[in-house]
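Understanding the architecture of this molecule
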Protein chains: 2
Amino acid sequence: MTPRMFSFVGGNTGRWRIVRNLSVSGMPLGEAARLDILPNTEIKPQLAMGWALRGLTSNERYVTREEKNHLLAVQPDLGRSEASCAALIPIRKNAAWWAMTQDERRSIFEERSHHNRIGMQYLPAIARRLHHCRDLSGNEPFDFLTWFEFAPEHEPDFDRLLAALRATEEWSYVDREIEIRLILD
Amino acid sequence: MTPRMFSFVGGNTGRWRIVRNLSVSGMPLGEAARLDILPNTEIKPQLAMGWALRGLTSNERYVTREEKNHLLAVQPDLGRSEASCAALIPIRKNAAWWAMTQDERRSIFEERSHHNRIGMQYLPAIARRLHHCRDLSGNEPFDFLTWFEFAPEHEPDFDRLLAALRATEEWSYVDREIEIRLILD
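Below is a short write-up of the structure.

Analysis parameters
- Residues numbered from 1 in each chain as written.
- Chains lettered and ligands numbered in written order.
- Predicted model: local features only at pLDDT ≥ 70, side-chain atom pairs only at ≥ 80, totals over all residues.
- Heavy atoms only, no water.
- Helix = DSSP H or I, 4+ residues; strand = E, 2+ residues; numbered from the N terminus.
- Rg over C-alpha atoms; globule rule 2.2 N^0.38 Å.
- Contact = heavy atoms within 4.5 Å.
- Areas by Shrake-Rupley, 256 points an atom, 1.4 Å probe, with all protein chains shown as cover.
- Lys, Arg positive; Asp, Glu negative; His and termini not counted.
- Charge placed at Lys NZ, Arg CZ, Asp CG, Glu CD.
- Buried < 20%, exposed > 50% of the residue type's maximum accessible area, 1.4 Å probe, protein only.
- Arc of directions from axis to C-beta.
- Buried area = accessible area lost by both parts, 1.4 Å probe.
- Salt bridge = Lys/Arg side-chain N within 4 Å of Asp/Glu carboxyl O.
- Polar contact = N/O pair within 3.5 Å; in protein donor to acceptor, adjacent residues only side chain to side chain.
- Nonpolar A, V, L, I, M, F, W, Y, C, P; charged D, E, K, R; others polar.
- Expected span 1.5 Å × (residues − 1).
- Phe/Tyr/Trp six-rings, centres within 6.5 Å; stacked < 30°, edge-to-face > 60°.
- Lys NZ or Arg CZ within 6 Å of the ring centre and 35° of its normal.
- Least-squares fit on C-alpha atoms with pLDDT ≥ 70 in both.
- Pairing = 2+ DSSP bridges.

1. Observations concerning the overall build of chain A
For chain A, the count of helices and strands is six helices and eight strands. In chain A, the succession of α and β elements from N to C terminus is β-β-β-β-α-β-α-α-α-β-α-β-α-β. Since a compact globule built from 185 residues should have a radius of gyration of about 16 Å, the 16 Å found for chain A is in line with a globular shape. The principal-axis extent of the C-alpha atoms belonging to chain A is close to 45 × 35 × 35 Å. Considering only intrachain contacts with a sequence separation of at least 6, the fraction spanning at least 24 residues in chain A is 77%. Put simply, chain A shows about 8700 Å² of open surface, and 54% of that area lies on carbon and sulfur atoms. The averaged location of the 26 negative side-chain charges in chain A is 3 Å from the averaged location of its 24 positive side-chain charges.

Below you can see the structure in the form of structure tokens.
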């Protein structure tokens, strides 16, 4: 069975080297030199140092069938040999977002903020996996963890993707966001 | 803060007496004499006997703003003094359900199965709280736990509500369902 749970563990070890750890909004995340991604792992209660964030892949909440079929046709897998750059973007959305109904959220997410349409402009260069945290315990530090992988020559594309998303109406509901950039070495 | 996590613990103690424990489809749940509902509790790894199911209240996934406003206006609270009967209905939906997109699920859930419209016919007699399990760990025995409370004279209404939901197209995606009936004594 494909694992659904992933833990992102920041510390002194791990396959990925952290080259930036930026608090875009809200409380920063602690410093760490490296990051590991552990599938199917419940977070250990205490780490020697660093932090651990966990999330679950889940069913999509906003795409239509037409959008999903297009995504399935063009989205790349994680783990491509040329994709030696990565980013982890943990975000939390505020209470006003979660008090909206599905149709209201979809309207802001796609009809007005074009979240998927923006993301699709960067396919197949940028691979992406979304992890949900909000329904893990009711007390998680973030709602979503998104993991991106791309080749070094596509880093400017990734910068544009981030800037485009942060300029949307949807992002006005984001009250905590961390940007972590990583390289394989 | 209102708790979002609830554990339903079946065993020899608890405020509610279990008067029926029926496997409607799929694997049965073990026998238990009584049930307790514990807010904000992580399940203990081993219980002396019995079982524990946990779920989180979450944002609604299918109602529109119009439906939500109507629900907010007419739905009763849990814990009414006359509501001495209750039911716990744990269900799991199959892989075909979760592979659908939001618009496909909404179409089956409401436009074709009228899930909320059926439920609203029994308001304000029957109080209800939905708990999500699927995104707690990726390995939960059920996807949803729904808790209902009603006065004894509304038990026939509750029977009709269950029968109406089980006859829907939506229910063809349910591959495990337990029906637990309880009384306060």
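2. Structural notes on helix 3 (residues 102–112) of chain A
Each α-helix turn comprises 3.6 residues. Residues three or four places apart therefore point the same way. The complete set of buried residues in helix 3 of chain A reads A:Gln102, A:Arg105, A:Arg106, A:Ile108, A:Phe109 and A:Glu110. One face of helix 3 of chain A carries all of its buried residues, which in axial projection span an arc of 165°. Where helix 3 of chain A is buried, its residues contact helix 1 (65–74), helix 2 (95–99) and helix 4 (115–120) of chain A together with helix 3 (102–112) of chain B. Taken from the residues just after helix 3 of chain A, A:His114 is the one with a positive phi, measuring 55°.

3. Comments concerning the interface of chain B and chain A
Note: interface size is frequently given as the accessible area lost on complex formation between the parts. Chain B puts 26 residues into the contact, and the matching count from chain A is 26 residues. Where chain B abuts chain A, roughly 2300 Å² becomes buried across the two surfaces, and 40% of that area is made up of carbon and sulfur atoms. On the chain B side of the contact with chain A, B:Asn59, B:Arg65 and B:Asp135 bury the most area, a combined 25% of that side's loss. Counting the contacts that link chain B with chain A gives six salt bridges. A:Asp135 is paired through a salt bridge with B:Arg4; the nearest N and O atoms lie 2.7 Å apart. At the boundary of chain B and chain A, one finds 18 residue pairs in polar contact (both at pLDDT 80 or more). Those elements that place two or more of their residues in the side of chain B that touches chain A are helix 1 (65–74), helix 2 (95–99), helix 3 and helix 5 (134–137) of chain B. By residue class, the composition of the side of chain B that touches chain A is eight nonpolar, seven polar and eleven charged.

4. Here's the deal with helix 6 (residues 155–166) of chain A
Residues and elements named next belong to chain A. Under the 1.5 Å per step criterion, the end-to-end length of helix 6 is 17 Å for twelve residues, consistent within 8% with the ideal 16 Å. All of the buried residues in helix 6 are Asp-157, Phe-158, Leu-161, Leu-162 and Leu-165. Viewed along the axis of helix 6, the buried residues span an arc of 140°, placing them on a single side of the element. Looking at the buried side of helix 6, the elements it contacts are strand 5 (85–93), helix 4, strand 7 (144–150) and strand 8 (174–184).

5. Observations concerning the packing of aromatic side chains
Throughout the structure, instances matching the rule amount to 16 aromatic pairs over all chains. Cluster of aromatic residues (ring-pair linked, three or more members): A:Tyr62, A:Trp97, A:Phe109 and A:Tyr173. Here A:Arg129 stacks its cationic end above the ring of A:Phe6, 3.7 Å away from the centre of that ring. One Lys or Arg, B:Arg134, reaches over the ring of B:Trp98 and ends 4.1 Å from the middle of that ring.

6. Section: unusual backbone geometry
Residue and element names in this part refer to chain A. In this structure, the amide linkage connecting Leu-123 to the following residue, Pro-124, adopts the cis form with an omega of 5°. The topology assignment puts Pro-124 in the loop between helix 4 and strand 6 (127–132). Here His-114, not a glycine, exhibits a phi torsion of approximately 55°, which is positive. The topology assignment puts His-114 in the loop between helix 3 and helix 4.

7. Notes on the side chain of B:Arg34
Residues and elements named next belong to chain B. With respect to the secondary-structure elements, Arg-34 resides in strand 3 (residues 34–39). A polar atom in the side chain of Arg-34 sits 3.4 Å from the backbone oxygen of Arg-15. Ignoring anything within four residues of it in the chain, the contact list for Arg-34 reads Val-9, Gly-10, Gly-11, Asn-12, Thr-13, Gly-14, Arg-15, Trp-16, Arg-17, Ile-18 and Asp-185.

8. Concerning the relation of the copies chain B and chain A
Mapping chain B onto chain A calls for a screw motion: a turn of 180° about the axis and a shift of 0.0 Å along it, with 0.0 Å RMSD after fitting. In the structure described here, the two chain copies are related by an operation that fits a two-fold rotation axis. Residue B:Leu136, judged by its C-alpha, is the member of chain B lying nearest the rotation axis, at 2.0 Å.

9. Digging into the pairing of strand 7 of chain A
Residues and elements named next belong to chain A. Counting buried residues in strand 7 gives seven out of seven residues, a clear majority hidden from the surface. On strand 7, burial covers both faces: Phe-144, Thr-146, Phe-148 and Phe-150 on one face and Leu-145, Trp-147 and Glu-149 on the other are all buried. As defined by bridge partners, strand 5 adjoins strand 7 across seven bridges and the pair is classed as antiparallel. Counterpart to Leu-88 in the pairing with strand 7 is Trp-147. As paired elements, strand 6 and strand 7 share six bridges and run antiparallel to each other. When the sheet's bridge partners are listed, Leu-130 is paired in strand 7 with Thr-146.

10. Re the environment of B:Thr146
Among the structural elements, B:Thr146 can be located in strand 7 (residues 144–150). Not counting residues up to four positions away in its chain, the partners in contact with B:Thr146 are B:Ala87, B:Leu88, B:Ile89, B:Arg128, B:Arg129 and B:Leu130.

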